[in-house]
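Inside the fold
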Amino acid sequence: MEGKSKIDIRKLSLEQLHSQLTSMGEQAFRAKQIYEWLWKRSCTDFDQMSNLSKHLRNVLKETFSIHAASVGQAQHSADSTIKSSFVLYDGNIVEGVLIPAPDRMTACVSSQVGCSLTCKFCATGYMDRKRNLHADEIYDQVVLISRQAQEHYGQPLTNIVYMGMGEPLLNYANVLASVARITAPDGLNMAAKRITVSTAGIAKMIKKLGDDQVRFNLALSLHAANDQKRNEIMPINEQNSLRALAEALKYYYAKTKNPVTYEYIVFNGVNDDLVDAQELAAFCKHLPCKVNIIEYNPIAFADFENASEDKIDRFANFLRKKGIITNVRRSRGKDIDAACGQLAIKETEKPLV
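1. As for the pairing of strand β3 (residues 70-76)
Summarising the sheet, β3 and strand β4 (residues 82-87) pair through six bridges and their orientation is antiparallel. Among the inter-strand pairings, V71 is bridged to a residue of β4, identified as F86. Here β3 folds back onto β4 in antiparallel fashion, the turn holding five residues, of which S80 has a positive phi close to 85°.

2. Side note on the sheet that holds β3
Spatially, β3-β4-β5-β6-β9-β10-β11-β12-β13-β14 is the arrangement adopted by the ten strands of the open sheet, whose pairing is mixed. The strands lining the two open edges of the sheet, one partner per strand, are β3 and β14 (325-329). On average, each strand axis in the sheet is inclined to that of its neighbour by 20°, with strand direction left out of account. When β4 meets strand β5 (residues 93-101), the two strands line up antiparallel, connected through six bridges. Considered in β5, the bridge of V87 is made with I93. Set on the sheet, helix α5 (residues 172-183) makes contact with β9 (159-162) and β10 (195-199); between it and β9 the angle comes to about 175°.

3. Details of the packing of aromatic side chains
In total, this model carries eight aromatic pairs according to the counting rule given. One aromatic cluster in this structure is built from F121, F267, Y296 and F304. A cation over a ring is seen here: R41 above W37, with NZ or CZ 4.1 Å from the ring centre. One Lys or Arg, K207, reaches over the ring of Y251 and ends 5.9 Å from the middle of that ring.

4. Digging into the side chain of S77
Mapped onto the fold, S77 is located in the loop between β3 and β4. Here the side chain of S77 touches D79 through a polar contact of 2.8 Å, side chain to side chain.

Parameters and conventions
- Residues numbered from 1 in each chain as written.
- Predicted model: local features only at pLDDT ≥ 70, side-chain atom pairs only at ≥ 80, totals over all residues.
- Heavy atoms only, no water.
- Pairing = 2+ DSSP bridges.
- Helix = DSSP H or I, 4+ residues; strand = E, 2+ residues; numbered from the N terminus.
- Axes fitted to C-alpha atoms, helices over the stretch in contact; angles between N-to-C directions.
- Contact = heavy atoms within 4.5 Å.
- Phe/Tyr/Trp six-rings, centres within 6.5 Å; stacked < 30°, edge-to-face > 60°.
- Lys NZ or Arg CZ within 6 Å of the ring centre and 35° of its normal.
- Polar contact = N/O pair within 3.5 Å; in protein donor to acceptor, adjacent residues only side chain to side chain.

What follows is the structure, given as structure tokens:
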């Protein structure tokens, strides 16, 4: 293979790998064995594929590459949360978080290096978007966080949320391909209902989720049910108004019958009034849903403050009295900048490889 670039083997489907191997004069059944090593056993080293001959392993090394992500740094919070920086094959870095709880182990993964959206309260929104993550790079985050769950807490991963860096629906094909590998019987075999993809709200892509009849959960980062307020804190709303989002979500629900979760950060003096709660309750009437009220985690770039506990509780109770399932999510990992909205690679951080 000297002078020729190697093929990224995890970009190939099983059928493509089958064709590659047979064209090289190898036995066809080897494709399934290799595919299982890659996706079921999460192997990133051809030498560890022990049921293959040494000759075939050498051929694979000469022909293919595995662009595996690795943990650069891992920070441990006082509340047991673990934030990791993942070093990608090209030196770019993303962050992911393990969030342990008594009843679940949740991995929060990234879908882009940086973000093209400019939500005013989110640290990632102040970064440039460098590129989309490939499906295997998202898969690697899940595998590496799952190993942390086993190593530190002796428990398997139970849930995955696409709520890290980036906007998942702007990396649509890779996000869906990663979910396919994570949920496939010849992959990690996790239930789709244990996966939640969170979007800032891109109406046409929400409709596409409906057309594709996805089985995972959808969450919308709403944060205001008033176009003027939402425009100010989430500029994406200027092209994806609440009316457009409501229409898209109703279409999505009609196609999938999946309820939607609305994420709502309560900012002090911005969207924490009972009038805001009334607007949110009205928006909730469009389709079956629940609301997660999220504590705000301050960042250096923005002047927002978290609302008081009394205000948050009053807001939540108003929604509950309207018959809306409402949960208040207290932040985890704030002391290591791992909480919601805090993920951002500091310019001084270097890959540890």
